[in-house]
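Here is what each chain is made of, one letter per residue.
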Amino acid sequence: MKKADIGLIGLAVMGENLVLNMESKGYTVAVYNRTVSKVDSFVKGRGEGKNFIGTHSLEELVSSLERPRKVMMLVKAGQAVDALIDQLIPLLEPGDIIIDGGNSHYPDTIRRTKYVTSHGLLYVGSGVSGGEEGALLGPSLMPGGSKEAWPYIKDIFQSIAAKVDDGTPCCDWVGDDGAGHFVKMVHNGIEYGDMQIISEAYDMMKRVLHLSHDEMSETFAHWNKGDLDSYLIEITAEILAFRDENNDPLVEKILDAAGQKGTGKWTAVSALDAGIPLTLIGESVFARCLSAQKDLRVSASKIYDAPKVDFKGDKQQFVDDLEAALLGSKIISYAQGYDLMRESAKENNWDLNYGDIALMWRGGCIIRSTFLGKIKEAYDKNPTLEHLMLDDFFRDKLEAAAKGWRNVVATAVANGIAVPALSSALSYFDGFRTADSPANMLQAQRDYFGAHTYERKDGKRGEFHHTNWTGRGGDTASTTYNV
Ligand code: NBP
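The sections below set out a description of the structure shown in this document.

Definitions and cut-offs
- Residues numbered from 1 in each chain as written.
- Predicted model: local features only at pLDDT ≥ 70, side-chain atom pairs only at ≥ 80, totals over all residues.
- Heavy atoms only, no water.
- Helix = DSSP H or I, 4+ residues; strand = E, 2+ residues; numbered from the N terminus.
- Rg over C-alpha atoms; globule rule 2.2 N^0.38 Å.
- Buried < 20%, exposed > 50% of the residue type's maximum accessible area, 1.4 Å probe, protein only.
- Areas by Shrake-Rupley, 256 points an atom, 1.4 Å probe, with all protein chains shown as cover.
- Lys, Arg positive; Asp, Glu negative; His and termini not counted.
- Charge placed at Lys NZ, Arg CZ, Asp CG, Glu CD.
- Core = buried A, V, L, I, M, F, W, Y, C linked by side-chain atoms within 4.5 Å.
- Contact = heavy atoms within 4.5 Å.
- Disulfide = S-S within 2.5 Å.
- Near = heavy atom within 4 Å.
- Polar contact = N/O pair within 3.5 Å; in protein donor to acceptor, adjacent residues only side chain to side chain.
- Nonpolar A, V, L, I, M, F, W, Y, C, P; charged D, E, K, R; others polar.
- 1 Å grid on protein atoms, 1.4 Å probe; cavity = no way out; pocket = protein on both sides within 12 Å on 5 of 7 lines; lining within 4 Å.
- Points joined across faces, edges and corners; volume = space filled by probe spheres on them.
- Pairing = 2+ DSSP bridges.
- Right-handed = clockwise from strand over helix to strand, strands pointing away.
- Axes fitted to C-alpha atoms, helices over the stretch in contact; angles between N-to-C directions.
- Salt bridge = Lys/Arg side-chain N within 4 Å of Asp/Glu carboxyl O.
- Expected span 1.5 Å × (residues − 1).

With that settled, the discussion passes to the overall build of the chain. Counting secondary structure elements, the chain contains 19 helices and 8 strands. On C-alpha atoms alone, the chain measures out to a radius of gyration of 26 Å, which is about the 23 Å that the 2.2 N^0.38 rule sets for 483 residues. Seen through its C-alpha atoms, the chain measures out along the principal axes to roughly 80 × 70 × 50 Å. Across the 483 residues that make up the chain, the buried fraction comes to 50%. A total of about 23200 Å² of accessible surface is found on the chain, and carbon and sulfur atoms cover 52% of it. Counting 52 positive and 67 negative side-chain charges, the chain places the centres of these two groups 2 Å from one another.

The structure is reproduced here in structure tokens:
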């Protein structure tokens, strides 16, 4: 009997669709699921008549694979992955490859790569993005781990991945150990940010301009033909147009308490650890947290007066300003995400290719957009670009967006409407382009109360001074350290 090219553990929504994708590209796939009845129902159901080998134990799965064996797990992230690795190791032989395609946290993947390779096996942690439809028709894949594994899995991965217009697959080797899952994590963080700024724009259209749902839908559909062209803008237009059985916009009946699975939080925590200002994603995570405090907000709404919304400007101009605010904020969000990747790559010794990462996200995944093509161009032009906001194209776009963006934030503030992502992005922009920040005051305060020392504008960097501000303190400075 022909052996399988790859084995998959976990026939839930992602696994089932991914193996159908692999099979459709000519691969024979052995499948296994902890609840084995799902194997039989899959093979007799969606897998009927196709090149699948249904297996009922890990032993059977492993013995049905061509060597070097490639075993991919698409199971719930966390404990299940560690447990499966421990069950697989004794069944595999040197050179065989264990792949984790779930949403694992990258420090776990760093740890698991070390652990699995210490047993003579190879390990790959791959981000998979695009949800159910992406898994079936072409996801964005971000593999990292043991580089020696890449030649053995490259053809399968690149053939099932989404392709951009010229046929380039949205999948390439990302880097060592946890690099693939790290890049997937940042992708998810950026997804949080894109969703939040879109939600804030919708809120402004509804509460300030009083646009109908059809008008809002048409506006998003129109934006989808310009710089904002993206999957999330496209589905927002469709969501706004969707009516329920009573012909009411369904979106207004959905409770405003957002869920989250943790990848946005991980991105924000990584940024705090790395000392990188990832404000827009951070605000997006907190906005979800505040949304989840629904009862508290309802109570507060009864004890605080809200300013009466009063808009006397030109509606069409304000819609254009909203488009500018979205584009400006989106540039900030990606620039911050790339800044985090650059810093973390340094810390973890990953040799990340930033243009290729933009290309991997260009198709198949939730944040796919034409905008990512511009990021790819920026890094092609200058592979060592220090910050995306220093690129000419993005500078011109930010400058063009600033006036409308400021008007949106000012209008939101005047009318008491929270726009945490749009406004914090604008503050970051203003902080970023300001040579002289007020941090001289922070340094003075730190030196005043804690003798933490300061550098002088007229001195050399790295030369630290302490002042006895009150005349009461001594001249002893605290240890200079930066966090
Ligand atoms: P789930 O995350 O819901 O996981 C269900 C699968 O995990 C089932 O096959 C289940 O087997 C298996 N499993 C569990 Br739970 N514990 C196990 C254990 N201890 N040993 C073996 N198998 C175990 O499935 P999913 O939504 O398809 O997602 C799979 C992975 O892909 C996750 O890491 C997820 O975060 C990631 N992901 C999901 C999406 C998405 O849109 N859903 C997108 C991108 C990435 P059972 O049938 O026996 O319970």
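Across soluble globular proteins, you tend to see nonpolar side chains buried next to one another. Core analysis: the largest hydrophobic core is formed by 81 residues, its most contacted members being Phe-220, Trp-223, Met-341, Leu-352, Trp-361 and Ile-375. Ranked by the residues each element gives to this core, the list is headed by helix α14 (residues 315-348), at 14 residues. Filtering out sequence-adjacent residues up to four positions away, Ile-375 remains in contact with Tyr-334, Tyr-338, Ala-358, Leu-388 and Phe-394. Counting 31 residues, the second-largest nonpolar core is a separate cluster that includes Tyr-27, Val-128, Ala-135 and Leu-141.

Moving on, we get to the state of the cysteines. By the definition in use, this model includes 0 disulfides. No disulfide involves Cys-170; its nearest neighbouring cysteine sulfur is the one of Cys-365, lying 7.2 Å away.

Here we take up the site of the ligand. Near the ligand there are 19 residues, and of these Met-14, Asn-33, Thr-35, Lys-38 and Asn-103 occur at the shortest range. Within the backbone of Val-75, one N or O atom sits 3.0 Å away from an oxygen atom of the ligand. For the ligand, whose accessible area on its own is 910 Å², the fraction buried by protein is 77%. Mapped by element, the contributors of at least two residues to the shell around the ligand are α1 (13-24) and α4 (79-88). Class assignment of the residues belonging to the shell around the ligand gives a composition of 10 nonpolar, 6 polar and 3 charged.

Turning to empty space enclosed by the protein, a few remarks are in order. Taken as a whole and assessed by the stated rule, the structure comprises 2 cavities of 30 Å³ or more. By volume, the largest cavity amounts to about 70 Å³. Taken together, Asp-194, Ile-197, Ile-198, Leu-228, Ser-230, Leu-232, Ile-233, Leu-326 and Lys-330 form the lining of the largest cavity. Counting only elements with at least two residues in the lining of the largest cavity, the list comes to α8 (179-207), α10 (231-241) and α14. The dominant element in the lining of the largest cavity, judged by the number of residues it contributes, is α8, at 3 residues. Along the lines of polarity and charge, the residues of the lining of the largest cavity split into 6 nonpolar, 1 polar and 2 charged. Computed from the structure, the second largest cavity encloses a volume of approximately 30 Å³. Along the walls of the second largest cavity sit Asn-103, Ser-104, His-181, Lys-184, Met-185, Thr-263 and Trp-266, which together make up its complete lining. If you list the elements that add at least two residues to the lining of the second largest cavity, you get α8 and α11 (263-274).

On strand β5 (residues 97-100), burial covers both faces: Ile-97 and Ile-99 on one face and Ile-98 and Asp-100 on the other are all buried. Bridging between strand β4 (residues 70-73) and β5 involves 4 bridges; their strand directions are parallel. If you follow Met-72 over to β5, its bridge partner there is Ile-99. Viewed along the sheet, the connection from β4 through α4 into β5 turns out right-handed. Examined bridge by bridge, β5 and strand β6 (residues 122-129) share 4 bridges and lie parallel to one another. Within β6, the position partnered with Ile-97 by the bridge is Leu-122. In this region the chain leaves β5, passes through helix α5 (residues 106-117) and returns to the parallel neighbour β6; the handedness of that crossover is right-handed.

Here the focus is the sheet that holds β6. The strands making up a sheet are joined through hydrogen bonds of the backbone, oriented either antiparallel or parallel. Across the sheet, which stays open at both edges, the 8 strands sit in the order β3-β2-β1-β4-β5-β6-β7-β8 with mixed pairing between neighbours. In this open sheet, the two edge strands, each paired with only one partner strand, are β3 (52-54) and β8 (175-176). Two strands pair when backbone bridges link them, and strand β2 (residues 29-32) and β3 are joined in this way by 3 bridges, in the parallel orientation. In the sheet register, Val-29 faces β3, and the bridge partner there is Phe-52. Contacts between α8 and the sheet are confined to β5, β6, β7 (140-145) and β8, with β6 contributing the most and set at about 15 degrees to the helix.

The next subject is the pattern of salt bridges. Working definition: two side chains of opposite charge can pair if their charged atoms are close together. Taken as a whole and assessed by the stated rule, the structure comprises 31 salt bridges. Notably, a salt bridge pairs Arg-207 with Asp-203, separated by 3.0 Å at the nearest N-O pair. With Arg-207 and Asp-203 both in helix α8, this residue pair falls 4 residues apart, about one helical turn. Looking at Arg-207, the relative accessible area reads 36%, which means it is partly exposed. A relative accessible area of 16% means that Asp-203 is categorised as buried.

What follows deals with helix α18 (residues 420-432). For the α-helix, the turn length of 3.6 residues means that residues three or four positions removed from each other point alike. Taking 1.5 Å per residue, 13 residues should reach 18 Å; α18 reaches 18 Å between its end C-alpha atoms and fits that length. Residues Ala-421, Leu-422, Ser-424, Ala-425, Leu-426, Tyr-428, Phe-429 and Asp-430 constitute the buried set of α18. The elements touched by buried residues of α18 are α8, α12 (279-292), α14 and α17 (392-414).

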